[in-house]
Amino acid sequence: MSETSAPSDEAHENDNPDVRRLADWSGERLESLAEEHGTPLYVTDLGRVRENYRRFASAFPNADVHYAAKANTSRAVLETLESEGSSVECASAGETERAFAAGFDGERVHYTAVNPPAEDLDRAVELADENSCLTITVGAQDTIDRLAERGYDGRLCLRVNPGVGAGHHEKVRTGADAKFGVPYDRAAELLESAADDFDVVGIHAHAGSGISGDDLSNHRELVSRMGELARSIDLPLEFVDVGGGFGVPYRPDESPLDLDSVAAATHDALGDLDATLVVEPGRYLVADAGVLLTGVNTVKETPEITVLGVDAGMTTLARPALYDAYHHVRNLSSDGPEIETTIAGPICESSDTFGEHRIADPQRGNLLAIGNAGAYGYEMASQYNSRPRPAVVVVHGERSAVAHRRETLADVTAAEEEVNWR
Ligand SMILES: *Cc1c(COP(=O)(O)O)cnc(C)c1O
């Protein structure tokens, strides 16, 4: 990548820096998008998604990169990553279907079945029949049995509970949560018995979300346990999948993840294996490619703090309410003196808050940008309080297009049937 004649290292790096901060977005551009499309509005920069993919893939040159689609399943995002050569990891039959619709072929699709409803397995088996290279990852003997009952004998990967977890909040640590994967000590035996009926191609583990510089030790432990397991079984594995969880800095003073040291730690543990390394970044590829724009409708002084009421809420961006997640906020309409505020949405729930922020001279009518909203943002939006979901606009350089139109109340009630028992 650095073979082109960049004027200097610094200029070259700036084409694809490790992180895009909220301050790096053009305020003017965002204001004009909000003017054209209204608020709340998600903006996704597909150019940044490409940059993130390229930087990630070049840090793991020998790995298969499977984008974890649940972070952002917008068709435009899936198509962008498909065209970059990414593979995809799907958490449901619905995501699997959307991946195929976006152009991924079966070889590049893994479906990870977590306590899968019957219709998910039915559909996955159908999709596998049509695309014989689809890989199904299972985390329980029950799921293996249910696949056999459906006559499936195709590509199977076993999800293992590595007994180590990583993450910024207990609700996003999956690696030590008994819900996910088969117990580590039973994995070898299960793999060997599954090999009688299926094409066993790999082992999988995912520690949770938020590998950061601080808890690389968790990652080291996970990859070393996966290496031990792969060496202990008598089956040729095509791949060892170590999951996702590559963290991004949500706070302006946090430093970006050092991908090279994560890659080196991974290589130390698994480099001697014949199997291909698979990694599943979700957040890392899309988080800093997205912002959420929201309008201030209320500025209320209280004895404790100034409350800023905005038109986005926990139904637009759930992470703060769900995980106490921090998302940085910037006032695009002012650079006046900052004051301490608490930012809250229009939903009748006390958890409907984006937390406390220092905001430049806030006034009714101002436009705020909420950072790192590209991952698990629109994806987790709901219609609670009869709030139609917001629009999503994608941009790439000077271009922009609506990727999800703003819903209307008719969308909220679309599935409702008349009962009329009054
Ligand atoms: C959610 C998930 C990922 C991606 O997690 P990120 O924190 O977004 O990187 C990867 N693999 C599996 C199995 C997942 O469930």
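These numbers come from a predicted model, not from an experiment.

(A) Representation of the overall build of the protein in the model. Within the protein, the regular secondary structure consists of 13 helices and 18 strands. Taking 22 Å as the expected radius of gyration for a compact globule of 422 residues, we find that the protein reaches 23 Å, a close match to that expectation. When its C-alpha atoms are laid out on the principal axes, the protein stretches across 75 × 65 × 40 Å. Scored against the burial criterion, the 422 residues of the protein give a buried share of 53%. When the accessible surface of the protein is split by element, carbon and sulfur atoms take 44% of a total near 19,400 Å².

(B) How the structure looks around the packing of aromatic side chains. Scanning the model with the defined rule gives six aromatic pairs in all. Aromatic side chains Phe56 and Phe60 sit 4.9 Å apart centroid to centroid with 25° between the ring planes, which places their arrangement in the stacked category. Note on accessibility: Phe56 and Phe60 belong to one class, buried. Aromatic ring contacts, followed pair by pair, group Phe56, Phe60, Phe246 and Tyr284 into a single cluster. Here the guanidinium or amino end of Arg225 rests over the ring plane of Tyr184, the centre of that ring lying 4.3 Å away.

(C) Layout of the packing of helix H3 (residues 46–59) against helix H4 (residues 75–84). With their axes 10 Å apart at the nearest point, H3 and H4 run at an angle of 40° to one another. Between H3 and H4, the crossing angle belongs to the class labelled oblique. Between H3 and H4 lies a crossing of right-handed hand. Between H3 and H4, the residues in contact are Leu46, Val49, Arg50, Tyr53 and Arg54 and Ala76, Val77, Thr80, Leu81, Ser83 and Glu84, respectively. The class makeup of the residues in the contact of H3 with H4 is six nonpolar, two polar and three charged.

(D) View of the UniProt feature "active site" (unreviewed entry) in the protein. When the UniProt feature table is mapped onto this chain numbering, "active site" (unreviewed entry) sits at Cys348. Along the chain, Cys348 falls in the loop between strand S14 (338–344) and strand S15 (353–360). When its relative accessible area of 67% is taken as the criterion, Cys348 is described as exposed. Every residue in contact with Cys348, bar those within four places of it in the chain, is listed here: Tyr384 and Asn385.

(E) Main features of a negative patch on the surface. Together, Asp129, Glu130, Asp153, Asp196, Asp197 and Asp199 make up a negatively charged patch on the protein surface. Turning to its location among the elements, Asp199 is positioned in strand S8 (residues 199–204). Judged by relative accessible area, which is 39%, Asp199 ranks as partly exposed.

(F) How the structure looks around the nonpolar core. Among the nonpolar cores identified, the biggest contains 83 residues, and Phe56, Phe60, Tyr67, Leu147, Val240, Phe246 and Val279 are the most heavily contacted of them. Look past the residues within four positions of Phe60 in its chain and what remains in contact with it is Phe246, Leu259, Val262, Ala263, Thr266, Leu277 and Val279. Within the second largest apolar cluster, 16 residues are counted, among which are Leu308, Ile343, Phe354 and Ala373.

(G) Focus on the packing of helix H6 (residues 118–130) against helix H7 (residues 141–149). Between H6 and H7, whose axes approach to 10 Å, the crossing angle comes to 55°. Our classification of the angle between H6 and H7 gives oblique. For the element pair H6 and H7, the recorded crossing hand is right-handed. Across from Ala118, Leu121 and Val125 in H6, the residues of H7 making contact are Thr143, Arg146 and Leu147. Class assignment of the residues belonging to the contact of H6 with H7 gives a composition of four nonpolar, one polar and one charged.

(H) Looking closely at the UniProt feature "modified residue: N6-(pyridoxal phosphate)lysine" (unreviewed entry) in the protein. Residues annotated in UniProt with the feature "modified residue: N6-(pyridoxal phosphate)lysine" (unreviewed entry) correspond here to Lys70. Non-local contacts of Lys70, meaning those with residues more than four positions away in its chain, are made with Ala91, Glu95, Tyr376 and Glu379.

(I) Molecular detail of the pattern of salt bridges. Applying the stated criterion across every chain yields a total of 20 salt bridges. Across the pair Glu51 and Arg48 runs a salt bridge whose closest N-O atoms are separated by 2.7 Å. Taken together, the positions of Glu51 and Arg48, both in helix H3 and three residues apart, correspond to about one turn of that helix. When its relative accessible area of 22% is taken as the criterion, Glu51 is described as partly exposed. In this structure, Glu84 engages Arg54 in a salt bridge whose closest nitrogen and oxygen atoms are separated by 2.7 Å. Of the two residues, Glu84 is situated in helix H4 and Arg54 in helix H3; the sequence distance between them amounts to 30 residues. Classification of Glu84 as buried rests on a relative accessible area of 17%. Taken together, the shared-partner salt bridges in this structure form one network comprising Arg48, Glu51 and Asp288.

(J) The arrangement of the pairing of strand S12 (residues 306–310) in detail. The buried fraction of S12 amounts to four of the five residues, a majority that puts the element mostly inside the structure. Once strand S11 (residues 290–301) ends, the chain turns through four residues before running back antiparallel as S12. Of the strand pairs in this sheet, S12 and S14 are connected by four bridges, and their pairing is parallel. If you follow Leu308 over to S14, its bridge partner there is Ile343.

Criteria and thresholds
Every chain is numbered on its own, with residues counted from 1 as its sequence reads. Residue-level local features of this predicted model are given only where pLDDT is at least 70; pairs of side-chain atoms are given and counted only at 80 or more, and the full residue set underlies all totals for whole chains, interfaces and linings. Side-chain measures here rest on the full set of heavy atoms in the structure, leaving out hydrogens and waters. Numbering of helices and strands starts at the N terminus; helices are DSSP runs of H or I of at least 4 residues and strands are runs of E of at least 2. The atom set for the radius of gyration is the C-alpha atoms, and the globule formula is 2.2 Å times the number of residues raised to the power 0.38. In this scheme, a residue with accessible area under 20% of its type's maximum is buried, one over 50% is exposed, and one in between is partly exposed, where area comes from a 1.4 Å probe on protein chains only. To be clear on the numbers: accessible area is Shrake-Rupley with a 1.4 Å probe, and residue cover counts the displayed protein chains and nothing else. Ring pairs are drawn from Phe, Tyr and Trp, using the six-membered ring of Trp, whenever the two centres fall within 6.5 Å, and their geometry is named by plane angle: stacked under 30 degrees, edge-to-face over 60, tilted for the rest. Two thresholds decide whether a charge sits over a ring: the Lys NZ or Arg CZ must be within 6 Å of the ring centre and within 35 degrees of the ring normal. Only the contacting stretch of a helix is used when fitting its axis, a line to C-alpha atoms as for every element, and angles between N-to-C directions run 0 to 180 degrees. For this classification, under 35 degrees means roughly parallel, over 145 means roughly antiparallel, 65 to 115 means roughly perpendicular, and everything else is oblique. Handedness of a crossing follows from how the near helix is turned relative to the far one, being left-handed for an anticlockwise turn of less than a right angle and right-handed for a clockwise one. Contacts are assigned to residue pairs with any non-hydrogen atoms lying within 4.5 Å of each other. Note that Gly is not counted as nonpolar here; it falls among the polar residues with everything else outside the nonpolar set of Ala, Val, Leu, Ile, Met, Phe, Trp, Tyr, Cys and Pro and the charged set of Asp, Glu, Lys and Arg. UniProt positions are given in the numbering used here, feature names are shortened, and annotations may be inferred rather than shown by experiment. Every patch collects residues that have over 30% relative accessible area and no salt bridge, joining them within 9 Å if they carry like charges and within 5 Å if they are nonpolar side chains (Val, Leu, Ile, Met, Phe, Trp, Tyr). Salt-bridge detection follows one rule: a side-chain nitrogen of Lys or Arg within 4 Å of a carboxyl oxygen of Asp or Glu. Think of it this way: Lys and Arg go in the positive column, Asp and Glu in the negative one, and His and the chain ends go nowhere. Here the site of a charge means atom NZ of a Lys, CZ of an Arg, CG of an Asp or CD of a Glu. Side-chain atoms within 4.5 Å are what join buried Ala, Val, Leu, Ile, Met, Phe, Trp, Tyr and Cys residues into a set we call a nonpolar core. At least two DSSP bridges between two strands are required for those strands to pair.

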